[in-house]
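Observations on the model geometry
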Amino acid sequence: PLPTAPCAATLPRYPLPNPNPNPSSSPASLGFFAVATPPAPLAGRRAQALMALAGPSHLLSSSSACLRRLNPLLFFAHRRPAWTPRRAAHRFCAAVASERDVFTSPEVAKSFDFISEERIYKWWESQGFFKPNFDRGGDPFVIPMPPANVTGSLHMGHAMFVTLEDIMIRYFRMKGRPALWIPGTDHAGIATQLVVEKMLAAEGIKRADLTREEFTKRVWEWKEKYGSTITNQIKRLGASCDWTRECFTLDDQLSHAVVEAFIRLHEKGLIYQGSYLVNWSPNLQTAVSDLEVEYSEEPGYLYYMKYRVAGGSRDDFMTIATTRPETLFGDVAIAVNPEDERYAKYVGKLAIVPLTFGRHVPIIADRYVDPEFGTGVLKISPGHDQNDYHIARKLGLPILNVMNKDGTLNDVAGLYSGMDRFEAREKLWSDLVETNLAVKKEPYTLRVPRSQRGGEVIEPLISKQWFVTMEPLAERALHAVEKGQLTILPERFEKIYNNWLTNIKDWCISRQLWWGHRIPVWYIVGKKCEEDYVVARNAEEALAKAQEKYGKSVEIYQDPDVLDTWFSSALWPFSTLGWPDVSREDFKHFYPATVLETGHDILFFWVARMVMMGIEFTGTVPFSYVYLHGLIRDSEGRKMSKSLGNVIDPLDTMNEYGTDALRFTLCMGTAGQVCFSMVFCILLIKLVHFSVVNTPFYFRTLIFLQKG
């Protein structure tokens, strides 16, 4: 059901420009040559979409019946193998260009010239060639485009997915199937808020100086001014999307779908609120999901310090190794392996936490402790470490939080209260040295968690958040692949998909931001948030529910958090088609989609979540195939990023070599091939020129203007 050969991209997707356009010709003449399908559905538009190679004066026919018999791929009727001058003379027809928007030049380009790609693309779009056409029937072929961030600018990743998806959509469009490629952009909650906050800072304004309404108004103003940049750049790549169906994740329709999805999940008991250890971004002041945390190996230190045993002699102490000594204020226990004979005599006793004015914690035994790591002694700080958190929950230990949301230490840290976490680390080590509680500090390679968006070091922190219970959703997504309802290509990613869904954790969906879909929850003034709240589609419905439950005098206020951007993106294949209104024509015709094509790096962020949400809300998988392309890397195998200085701007490449050369290079999948692609395009044009010039007139009467 899918084209297997990426070489389809070798066919020029754009009309090729005439190197010597005649300035005296019609002002509407664009002077281009193209091979493509005849436009439909109207005979008049079919005629306008034809170019007479013999010149404007050679009008033969504009018969719609003649056009209807033509096969758009093989240039003869009904795929008949015979190709004779007589048949061609009877079945081909020509049309002179109009004075407005069709091509008149009879000349064929002798060289590769791409200066007019944008002008041709605009003509294609204006003629509606990218819209699905049901004239020839057949099952629709649908691709939901991965929505680019509204803050984004074009990079090679965009060029990759646009090229591959454009090959698919054009291939099936030329085969006569109703083909729909749904474009759109994502509101990109964290990224957009960061951009606007930086813009405000340049004006001397902080977000805290504005009300929520004032800030979101400024964000919308920014979006209206700059939000179309990425869309126009994707068009520059030649994406033949149906732009009349373009969506934005904060559009009214998609926002309605987000609220409806939240309510339905909550009604089923799959959404809950609670205080748990989350990944906290101190600079962004919000929680981020596990998938939004990137780990990097960085040089650091392993700190060794003494924990004295209460009631023992000066020689009775346990040496602990840690990479984050500032978290010792949150210690609730000291753990050793039960089979480690070195510390067996201390199990059941108490240890004194350094620099805490004699605070005692129990010494316990647990098999989780690795006796080979460090000294074999583990400090349990459940408020600031994921593993410690699970141990504390298992053993019923208390949880201490020593950090504020801005990354400074709180009152639990005593004399270190108010100090930045990294500043406190240096000060604390210095004090440990002075009190003879420091043993040594040695270089150590750290695995540092950093925010994918902000880049700062993530801090595990206890925080009240909203979560989605994922296990029942994941189970159905796993069965979809097992039963063959969903095919993942390349097949090796199926194992990765299954492994992640099998070991999935609950999804933290709340974000402490102002830009995004606000959580549709209202609390009761004077009541506990965790227990007394209502979930509603709008404020009026929330007030009515609250009054019914708590009386007419009740006061309510909405949860200040917004939903994770990926929550709305998970609904993309069906929210863009009108869901939850399943009676919409687009939903009935184009859902489920055929193919979801994207990079393998967002298999968990986006693809798996779309599968889960699609099955949950529509009862079927949202697409039949998932095609995952590789990542574009530099010559050293590194992922391209601005910080590494190895980014290649596709716009620069297209301006120098042309869009077709870039797209062909990406399809070849080989680094450094753009020059070869340029040469290939030149040779292809010369071949076409030679063939046309040396072909009898009645063979070259028509060349169809590309429909897409």
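Small disclaimer: the values here were computed from a predicted structure and weren't measured. (Residues numbered from 1 in each chain as written. Predicted model: local features only at pLDDT ≥ 70, side-chain atom pairs only at ≥ 80, totals over all residues. Heavy atoms only, no water.)

It is worth spelling out the sheet that holds strand E9 (residues 271–281) at this point. Pairing in this open sheet of four strands is antiparallel, and the strands run E10-E9-E18-E20 from one edge to the other. Each of the sheet's edge strands pairs with one partner strand only, and the pair in question is strand E10 (286–288) and strand E20 (507–508). One ladder, built from three bridges, connects E9 with E10; its direction is antiparallel. Across the sheet, residue Asn 279 finds its bridge partner in E10, namely Val 288. (Pairing = 2+ DSSP bridges. Helix = DSSP H or I, 4+ residues; strand = E, 2+ residues; numbered from the N terminus.)

So, on to helix H14 (residues 539–550). Between its first and last C-alpha, H14 extends 16 Å over 12 residues, near the 16 Å set by a 1.5 Å rise per residue. Where H14 begins, the side chain of Asn 538 points an oxygen toward the backbone nitrogen of Glu 540, at a separation of 3.2 Å. The positive-phi residue at the C-terminal boundary of H14 is Gly 551, with phi of around 105°. (Expected span 1.5 Å × (residues − 1). Polar contact = N/O pair within 3.5 Å; in protein donor to acceptor, adjacent residues only side chain to side chain.)

With that settled, consider the sheet that holds strand E7 (residues 184–186). Pairing between the strands of a sheet comes from backbone hydrogen bonds, and it takes one of two forms, parallel or antiparallel. If you walk across this open sheet you meet the three strands as E5-E7-E8, and the pairing is parallel. Strands with a single pairing partner mark the edges of an open sheet, and in this sheet they are strand E5 (148–149) and strand E8 (247–248). As paired strands, E7 and E8 are joined by two bridges and run parallel to one another. Note on E8: the bridge partner recorded for Gly 184 is Cys 247.

Moving on to the environment of Pro 338. Of note, Pro 338 is situated in the loop between strand E13 (333–336) and strand E14 (350–352). Pro 338 sits 27 residues away from Ala 365 along the chain, and the two C-alpha atoms are 5.0 Å apart.

Attention now goes to the pairing of strand E12 (residues 317–322). Taken across its six residues, E12 has five buried, putting it largely inside the fold. As judged from the six bridges shared by strand E11 (residues 293–309) and E12, these two strands associate in the antiparallel manner. If you follow Lys 306 over to E12, its bridge partner there is Thr 319. (Buried < 20%, exposed > 50% of the residue type's maximum accessible area, 1.4 Å probe, protein only.)

Before going further, it helps to examine the packing of aromatic side chains. A full pass over the atoms with the stated rule returns 28 aromatic pairs. Seen from their ring centres, Phe 329 and Tyr 416 are 5.3 Å apart, and the 40° between their planes marks the pair as tilted. Here Tyr 416 lies in the loop between helix H10 (386–395) and helix H11 (421–434) and Phe 329 lies in the loop between E12 and E13, a separation of 87 residues in the sequence. Considered together, Phe 329 and Tyr 416 belong to a single accessibility category, that of buried residues. (Phe/Tyr/Trp six-rings, centres within 6.5 Å; stacked < 30°, edge-to-face > 60°.)

Viewed as axis vectors pointing N to C, helix H19 (residues 650–657) and helix H20 (residues 659–668) meet at an angle of 120°, and their least axial separation amounts to 7 Å. The angle between H19 and H20 places the two elements in the oblique class. Between H19 and H20, the contacting residues are Pro 650, Thr 653, Met 654 and Tyr 657 on the first element and Thr 659, Ala 661 and Leu 662 on the second. (Axes fitted to C-alpha atoms, helices over the stretch in contact; angles between N-to-C directions. Parallel < 35°, antiparallel > 145°, perpendicular 65-115°, else oblique. Contact = heavy atoms within 4.5 Å.)

What follows concerns the pattern of salt bridges. One pass over the structure, following the stated rule, counts 29 salt bridges. We note a salt bridge from Arg 511 to Glu 292, for which the minimum N-O separation is 3.0 Å. With Arg 511 in strand E21 (residues 510–511) and Glu 292 in the loop between E10 and E11, this residue pair connects regions lying 219 residues apart in the sequence. The exposure classification of Arg 511 matches that of Glu 292, with both residues buried. Here Arg 511 ties to Asp 564 by a salt bridge, and the two come within 3.2 Å at their closest N and O atoms. Remark: Asp 564 occurs in the loop between strand E25 (562–563) and helix H15 (565–569) and Arg 511 occurs in strand E21; sequence separation between them is 53 residues. (Salt bridge = Lys/Arg side-chain N within 4 Å of Asp/Glu carboxyl O.)

Function cannot be inferred from these measures alone, as they are strictly geometric.
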